[in-house]
Amino acid sequence: MIKKLLAEGLGTFWLVFGGCGSAIYAAGVPDVGIGYAGGALAFGLTVLTMAFAVGHISGGHFNPAVTLGLVVAGRHPVKDLPAYWGAQIVGAIIAAAGLYLIASGMTGFEGAGGFASNGYGELSPQGYSMTSALVIEIILTAGFLFVILGSTSKGAPAGFGPIAIGLALTLIHLISIPVTNTSVNPARSTGVALFAETAALGQLWLFWVAPLAGAVIGGVLWKLVSTTED
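Note that this is a predicted model, so its numbers are computed, not measured.

Bringing the overall build of the protein into the picture now. In terms of helices and strands, the protein carries nine helices and zero strands. Taken from the N to the C terminus, the helices and strands of the protein come in the order α-α-α-α-α-α-α-α-α. Computed over its C-alpha atoms, the radius of gyration of the protein comes to 17 Å, within 12% of the 17 Å expected for a compact globule of 230 residues. Along the first, second and third principal axes, the C-alpha set of the protein runs to 55 × 35 × 30 Å. For the protein, the share of sequence-separated contacts (at least 6 apart) that also reach a separation of at least 24 residues comes to 79%. Counting 7 positive and 9 negative side-chain charges, the protein places the centres of these two groups 19 Å from one another.

This is the structure in structure tokens:
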């Protein structure tokens, strides 16, 4: 179990450091910045690479919503859920702390600002409402769980799961960065919200409630559709 939790913590660290780091450091650089598309790809690549690296050790969740969805689908023991959540949150916070330390070393640093945090209303990149944020986060997390469960099922081509999962997360970000800056992951949202100089912490509840609800829906939908026993 210790090795599994370490793998989950490291995987979540990589997701937050790579995904949020791309948004903090590279997305908005004039003329050469990577923009929304680059940020979306960065998140997908973090999951794809770590799923191959440690997925065989811990299952490669890196996300409390994913762990819950797998529990609902009967793929993960419920007794391990609290420990997995703890490891994922710790990994996310350490990554966010590292990102802040690096950002603070930039010439002219005047504060973290939004710090790649998630939000709605005034904190939405394009001003979307709380209802819009709830709906899109639920739908996309449900879809993410469905892809995860399908691509790692016994009937799926062996060894290709991480690729499908990484591409799914890239697609999710391409859709929803303008709406919420994309969460679908409560640990990711929590880590950077602790350092943001906005009202991100006050809106953090949504980025726990919506992804967890979406994960349950995704897990249930997979059980209804699946023709295998895994």
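The next subject is the nonpolar core. Grouped together as the largest cluster of nonpolar side chains are 44 residues, with contacts concentrated most on Val16, Cys20, Phe115 and Phe144. Of all the secondary structure elements, the ones that give two or more residues to this core are helix 1 (2–26), helix 2 (35–58), helix 3 (64–72), helix 4 (81–103), helix 5 (130–151), helix 6 (161–180), helix 7 (186–193) and helix 9 (206–225). When residues in this core are grouped by element, the largest group, six residues, is from helix 5. Counting five residues, the second largest nonpolar core, distinct from the first, contains Tyr120, Ala133, Leu206 and Ala210.

Okay, the pattern of salt bridges next. Following the criterion strictly, the structure yields one salt bridge and no others. Lys79 is the salt-bridge partner of Asp80, the closest N and O atoms lying 3.1 Å from each other. What makes Lys79 exposed here is its relative accessible area of 66%.

Looking at the secondary structure, you find Ser117 in the loop between helix 4 and helix 5. In this structure Ser117 comes out as buried when scored by relative accessible area, which is 10%. Setting aside residues up to four positions removed in sequence, Ser117 forms contacts with Thr180, Asn181, Arg188, Val192, Ala193, Ala196, Thr198 and Ala200.

The rules behind each value
Residues numbered from 1 in each chain as written. Predicted model: local features only at pLDDT ≥ 70, side-chain atom pairs only at ≥ 80, totals over all residues. Heavy atoms only, no water. Helix = DSSP H or I, 4+ residues; strand = E, 2+ residues; numbered from the N terminus. Rg over C-alpha atoms; globule rule 2.2 N^0.38 Å. Contact = heavy atoms within 4.5 Å. Lys, Arg positive; Asp, Glu negative; His and termini not counted. Charge placed at Lys NZ, Arg CZ, Asp CG, Glu CD. Core = buried A, V, L, I, M, F, W, Y, C linked by side-chain atoms within 4.5 Å. Buried < 20%, exposed > 50% of the residue type's maximum accessible area, 1.4 Å probe, protein only. Salt bridge = Lys/Arg side-chain N within 4 Å of Asp/Glu carboxyl O.

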